[in-house]
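Fold and contact review
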Amino acid sequence: MEDEELAPTLQNILDQRSLRWIFVGGKGGVGKTTTSCSLAVQLAQRRNNVLLISTDPAHNLSDAFGQQFGKEARKVDGIPNLSAMEIDPSGSIQEMIEQANAQNNGMSNIMQDLAFSIPGVDEAMSFAEVMKQVKSTDFDVIVFDTAPTGHTLRFLSFPTVLEKALAKVSELSGRFGPMLNGLLGAQAGGGGADGDMFAKLESMRATINEVNTQFKDSDLTTFICVCIPEFLSLYETERMIQELSSYHIDVHCIVVNQLLYPAKSSTCAQCNARYKMQQKYVEQIQDLYEGDFHIVKLPQLTDEVRGTEKIKTFSQMLIEPYVPPSE
C-alpha cells in the first residue's frame, strides 16, 4: 500500500474523489499550464464536471487548447466534462472603478484610493468574485493554473487583505463624511450593480474565509508543485512547500518537468553536461522529498505541448511513469 501511495504518478490525485480544489503552481516557465491542463484532462475522464481556471495574468489556457477562453466558464472542445476560464486578477476592482467613472458620482477616486493603498486587494476581490461564481455551479473539482509562486501564495492572505479593505472604507467614510455615506446609501437603496460597499466587501470576506477553511482540509484541497531540475526552481519549490505547510495546505506531489535523456552513445557535449547537472538536482529532490511525496518525472519533448490531442497524449505520463529509452 505504501508503494502505491508513493508511486511516481498523479494517480493518487485522480483516485481521491473527495478533492474539490487542486492548485498547480511553481516558478515561472516550469510547465505549470501544461501540467494543469493535462491533469484536468485526466480528471475529466473520471469526474462529471471539471473546471480549469487560470489565475495567471499571462493566461496560457487559450494557447494551450487552441481556443479562446474568458472570464466565463466555457466547454473545452473535444474534451467532454471539461470547462475552462481565464480571470484577470485585477478585474474586479477595475470594473468598479470604471462603473464609478461612468456614473460620475465621485466613487472613482475612492475606489482608486482603496486599490492603491492596500496591496493585493484587487486580487482578493477578484478571487472572491470567482469563488462566488464557482460555488454556485455544479463543478465536481476545480483545477487552478496559478501565477508564479509569489502571486500564488498571496491567496493565503486574502482574508487579511479584505479586513484591511473594510477598515480602509471605514476610514474613507470618516474622511469624506456625509458625501460618501450618502453615495453608499443611495447605491444600496437603489439596488445598483455596485451595491453597498461595506456589504460587498463583507460578502467577499465571508466567501474567502469559507473557501480558505476548505483549502485547509486535505480531503478537499491539495497543491501540486511543478519545477524543473535547476537550482532556482528547486529553491523556490522548497520555499513554497514550507509556506504551504505553515498555512496547513496539503502538498504531497511534485512534478519535475523538462528532463533530458540523451542516448548513451550521444556525442553532444552540451546535452551530456546538462543531463549530469539535471541528475544532480533530481537526486537532491529525491533526497528531500522521496518517502513523503509523489515525484513525477517528465521528459523534455522536441515539440510544444499545444492543442487538445497533444495535451491528451502528454497527460498519460502523469499516470504512467515515463520510461527513458535505453539507447
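The structure presented is a predicted model; accordingly, all values stated were derived computationally and were not measured.

Observations concerning the overall build of the protein
Looking only at helices and strands, the protein features 14 helices and 8 strands. Counting the 327 residues in the protein, one finds 49% classified as buried. Contacts in the protein between residues at least 24 apart in sequence constitute 77% of all its contacts with a sequence separation of at least 6. Counting only carbon and sulfur atoms, one obtains 50% of the accessible surface of the protein, whose full area is about 15,000 Å².

With respect to the packing of aromatic side chains
Inspection of every chain in the model, using the stated rule, returns 9 aromatic pairs. Taking 5.1 Å as the distance between ring centres and 70° as the angle between the ring planes, the aromatic pair formed by Tyr289 and Phe293 counts as edge-to-face. Residue class for Tyr289 comes out buried when judged on its relative accessible area of 3%. When its relative accessible area of 11% is taken as the criterion, Phe293 is described as buried. Pairwise contacts between aromatic rings join Trp21, Phe23, Phe144, Phe215 and Phe223 into one cluster.

Re the pattern of salt bridges
Overall, the coordinates contain 5 salt bridges when judged by the stated rule. Here Glu243 and Arg239 are joined by a salt bridge, their closest N and O atoms 4.0 Å apart. Taken together, the residues Glu243 and Arg239, both in helix H12 (residues 231–246) and 4 residues apart, mark about one turn of the helix. Look at Glu243 and you get partly exposed, because its relative accessible area is 27%. Arg239 sits in the partly exposed class, given a relative accessible area of 32%. Residues Arg306 and Glu304 are paired through a salt bridge, measuring 3.9 Å at the closest nitrogen-oxygen approach. With relative accessibility at 45%, the residue Arg306 sits in the partly exposed group. Owing to a relative accessible area of 58%, Glu304 belongs among the exposed residues under this scheme. Connected through salt bridges with shared partners, the residues Glu236, Arg239 and Glu243 form a single ionic network.

Thoughts on helix H3 (residues 32–44)
What sets the pattern is the α-helix's 3.6 residues per turn: residues three or four places apart point alike. Taking 1.5 Å per residue, 13 residues should reach 18 Å; H3 reaches 18 Å between its end C-alpha atoms and fits that length. Counting buried residues along H3, 12 of its 13 residues qualify, which places the element largely inside the surrounding structure. Of all the positions in H3, only Lys32, Thr33, Thr35, Ser36, Cys37, Ser38, Leu39, Ala40, Val41, Gln42, Leu43 and Ala44 are classed as buried.

Some details on the layout of surface pockets
In this structure, the largest pocket spans a volume of roughly 570 Å³. Every residue lining the largest pocket is counted, 21 residues in all, and those nearest its centre are Val30, Gly31, Thr34, Gln258 and Val305. Listed by contribution, the elements that provide at least two residues to the lining of the largest pocket are H3, helix H4 (61–65) and strand S7 (253–259). In terms of residue count, H3 provides more of the lining of the largest pocket than any other element does, 3 residues in total. Grouping the amino acids of the lining of the largest pocket by side-chain chemistry returns 6 nonpolar, 8 polar and 7 charged.

Remarks on a nonpolar patch on the surface
A contiguous nonpolar surface patch, about 350 Å² in accessible area, is contributed by Phe231, Leu232 and Tyr235. As for its placement among the helices and strands, Tyr235 is situated in helix H12.

Some remarks on the sheet that holds strand S6 (residues 221–227)
Pairing is mixed in the open sheet, where 8 strands are placed in the order S3-S4-S2-S5-S1-S6-S7-S8. The open sheet has two edge strands with one neighbour each: strand S3 (74–75) and strand S8 (294–299). One ladder, built from 4 bridges, connects strand S1 (residues 21–25) with strand S5 (residues 141–145); its direction is parallel. Considered in S5, the bridge of Val24 is made with Asp145.

With respect to the UniProt feature "binding site: ATP" (unreviewed entry) in the protein
Taking the numbering used here, the UniProt-annotated feature "binding site: ATP" (unreviewed entry) corresponds to Lys27, Gly28, Gly29, Val30, Gly31, Lys32, Thr33, Thr34, Glu230 and Asn257. Among the annotated residues just listed, those lining the largest pocket are Gly29, Val30, Gly31, Lys32, Thr33, Thr34 and Asn257. Note on placement: Gly28 falls in the loop between S1 and H3. For Val30, the position within the fold is in the loop between S1 and H3. Apart from residues lying up to four places away in sequence, Val30 is in contact with Val226, Cys227, Ile228, Ser233, Asn257 and Gln258.

Remarks on unusual backbone geometry
You will see that Asn81, though not glycine, has its phi angle at about 75°, which is positive. Turning to its location among the elements, Asn81 is positioned in the loop between S3 and strand S4 (82–86). With a relative accessible area of 29%, Asn81 lands in the partly exposed category. In this structure, Gln258 is a non-glycine residue whose phi angle is positive, near 65°. With respect to the secondary-structure elements, Gln258 resides in strand S7. The class of Gln258 is partly exposed, set by a relative accessible area of 28%.

How each quantity is defined
- Residue indices begin from 1 for each chain and proceed along its sequence in written order.
- The predicted origin of the model limits local features to residues at a pLDDT of at least 70 and limits the giving and counting of side-chain atom pairs to 80 or more, whereas totals for whole chains, interfaces and linings rest on all residues.
- For side-chain calculations, the full set of non-hydrogen atoms in the structure is used, while hydrogens and water are omitted.
- Numbering goes from the N terminus for both helices and strands, where a helix is a DSSP run of H or I of at least four residues and a strand is a run of E of at least two.
- A 1.4 Å probe rolled over the protein chains alone gives each residue an accessible area, and that area as a share of the maximum for its type sets the label: buried under 20%, exposed over 50%, partly exposed in between.
- Residue contacts follow a heavy-atom distance rule, with two residues in contact if any of their heavy atoms lie within 4.5 Å.
- All accessible areas in this document rest on Shrake-Rupley with a 1.4 Å probe, and a residue is counted as covered only by the protein chains that are shown.
- Between the rings of Phe, Tyr and Trp (Trp by its six-membered ring), a pair exists once the centres lie within 6.5 Å; its type follows the angle of the planes, with under 30 degrees stacked, over 60 edge-to-face, and the other angles tilted.
- For this document, the term salt bridge refers to a Lys or Arg side-chain nitrogen within 4 Å of an Asp or Glu carboxyl oxygen.
- In this scheme, a helix's expected span is set at 1.5 Å multiplied by one less than its residue total.
- Lining residues are those with an atom within 4 Å of a point, where the points come from a 1 Å grid over the protein atoms alone and group into cavities, where a 1.4 Å probe fits but cannot get out, or pockets, open sets with protein on both sides within 12 Å along at least five of seven lines.
- Grid points are joined across faces, edges and corners, and a volume is the space filled by probe spheres set on the points.
- When residues are sorted by character, Ala, Val, Leu, Ile, Met, Phe, Trp, Tyr, Cys and Pro go into the nonpolar class, Asp, Glu, Lys and Arg into the charged class, and all the rest, Gly among them, into the polar class.
- In this analysis, a patch consists of residues with relative accessible area above 30% that form no salt bridge, clustered at 9 Å for like charges and at 5 Å for the nonpolar side chains Val, Leu, Ile, Met, Phe, Trp and Tyr.
- Strand pairing is defined by DSSP finding a minimum of two bridges between the two strands.
- UniProt positions are given in the numbering used here, feature names are shortened, and annotations may be inferred rather than shown by experiment.

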